[in-house]
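What follows is each chain in one-letter form.
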Amino acid sequence: MTAIQTTPETKRITACFSRLESEGRKGLIPYVTAGDPGPEATVPLLHSMVEAGADIIELGIPFSDPVADGPVIELAHQRAVSQGVTLADVLAMVAEFRKKDNVTPIALMGYLNPIEIMGYEVFARRAAEAGVDALLAVDIPPEDAATLFEPLHKEGLETVFLISPNTVDERIRKICAVAGGYVYYVSLKGVTGAGNLDADEVQTRVEHIKSFTNLPVCVGFGIRDGASAAAISKTADAVIVGTALVKELAAHDDLAAGRVAVATRLAEMRTAMDQ
């Protein structure tokens, strides 16, 4: 990966998509839950995912009631929470990752409760200091997020939002007006890990969303392997994969073996997408 120096005017996410566009490639964005399967596993896992071809990382904030997630990722949250992993720990993991990698963007993904407990201003400051680039809070609509936006934007953090298959145009317009970094299109109705992808339907929907925004449109839910990643990357600016990777981690008792399995799956996707 070519190192790109980032400034307030050239943020990591913007620089990443600019690089991908110049190379004629699409982004690969893996999701894992911080602290799963153990707190010591996360930072080495993040580095191995970058080595396998990840362009941006979505890092889940453990929460006791992850209602938008399917059973696989819900169990990952439970494993992390049961080991006492907190939002402060997640920020410490990002800071540790930044000691070796100051290029790869990291977006935190999670629920509002832990952030409210820490305090919006405190969270924004500490997240920026740790090297976080964006926040995707799945349970706060843009209409209610002004008090969260202000400290985040003050610290230079992007705000990523979800758009679903049944999001109406008026709401797409509102979301795109306040979104930053990229837009996350949820390709399937339901929780994470559900259903089967219809690539043609995704293409139609992504093209429609692009009529509302110049931000990259990234697609997640239902992407499991090289074939599905390649199919969706023909339309999307990036593909997002989570459940398939968390399954790999859960299937291996040995941390190193789980890390290798995740990297292998990502490398397969990266190769298929680039072809």
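Heads up: the structure comes first, above all this text.
Here is what the cut-offs are and how they apply
Residues numbered from 1 in each chain as written. Predicted model: local features only at pLDDT ≥ 70, side-chain atom pairs only at ≥ 80, totals over all residues. Heavy atoms only, no water. Helix = DSSP H or I, 4+ residues; strand = E, 2+ residues; numbered from the N terminus. Rg over C-alpha atoms; globule rule 2.2 N^0.38 Å. Buried < 20%, exposed > 50% of the residue type's maximum accessible area, 1.4 Å probe, protein only. Contact = heavy atoms within 4.5 Å. Areas by Shrake-Rupley, 256 points an atom, 1.4 Å probe, with all protein chains shown as cover. Lys, Arg positive; Asp, Glu negative; His and termini not counted. Charge placed at Lys NZ, Arg CZ, Asp CG, Glu CD. Core = buried A, V, L, I, M, F, W, Y, C linked by side-chain atoms within 4.5 Å. Pairing = 2+ DSSP bridges.

Colleague: When you look at the overall build of the chain in this model, what are you seeing that I'm missing?
Modeller: Of the regular secondary structure elements, the chain holds 12 helices and 9 strands. Compactness check: the chain gives a C-alpha radius of gyration of 17 Å against a globular reference of 19 Å for 275 residues, within 12% of the reference. Considering only C-alpha atoms, the chain reaches an extent of 45 × 40 × 35 Å along its principal axes. Looking at the chain as a whole, 55% of its 275 residues qualify as buried. A separation of at least 24 residues holds for 71% of the contacts in the chain among residues at least 6 apart in sequence. If you sum the accessible surface of the chain, you get close to 11,700 Å²; carbon and sulfur atoms cover 50% of it. Averaged over its 24 positive side-chain charges, the chain has a centre that lies 2 Å from the centre of its 37 negative ones.

Colleague: Looking at this model, I keep getting lost on the nonpolar core. Mind explaining?
Modeller: Soluble globular proteins tend to bury their nonpolar side chains together. Met-49, Leu-59, Leu-91, Leu-108 and Phe-123 are the most contacted members of the largest nonpolar core, which has 67 residues in total. Of all the elements, helix H4 (residues 87-98) adds the most residues to this core, at 6 residues. Those residues in contact with Phe-123 that lie beyond four places of it in its chain are Leu-87, Leu-91, Leu-108, Ile-115, Met-118, Leu-135 and Leu-152. One finds Met-109, Cys-218, Phe-221 and Val-246 within the second-largest nonpolar core, a separate group that totals 23 residues.

Colleague: Even after reading the chapter, I still don't get the environment of Phe-123, so can you show me in this structure?
Modeller: With respect to the element layout, Phe-123 can be found in helix H6 (residues 120-130). Judged by relative accessible area, Phe-123 falls into the buried class, the value being 1%. C-alpha of Phe-123 to C-alpha of Glu-158: the two residues are 35 residues apart in sequence and 13 Å apart in space.

Colleague: Explain the sheet that holds strand E3 (residues 106-110) here, please?
Modeller: Adjacent strands of a sheet form backbone hydrogen bonds with each other and so pair up, either parallel or antiparallel. Spatial strand order, E5-E4-E3-E2-E1-E9-E8-E7-E6: 9 strands in an open sheet with parallel pairing. The two strands at the open ends of the sheet, each matched to only one other strand, are strand E5 (158-159) and strand E6 (161-163). Here 3 bridges tie strand E1 (residues 27-33) to strand E2 (residues 57-60), and the two strands are oriented parallel to one another. Along E2, the bridge assignment pairs Val-32 with Leu-59.

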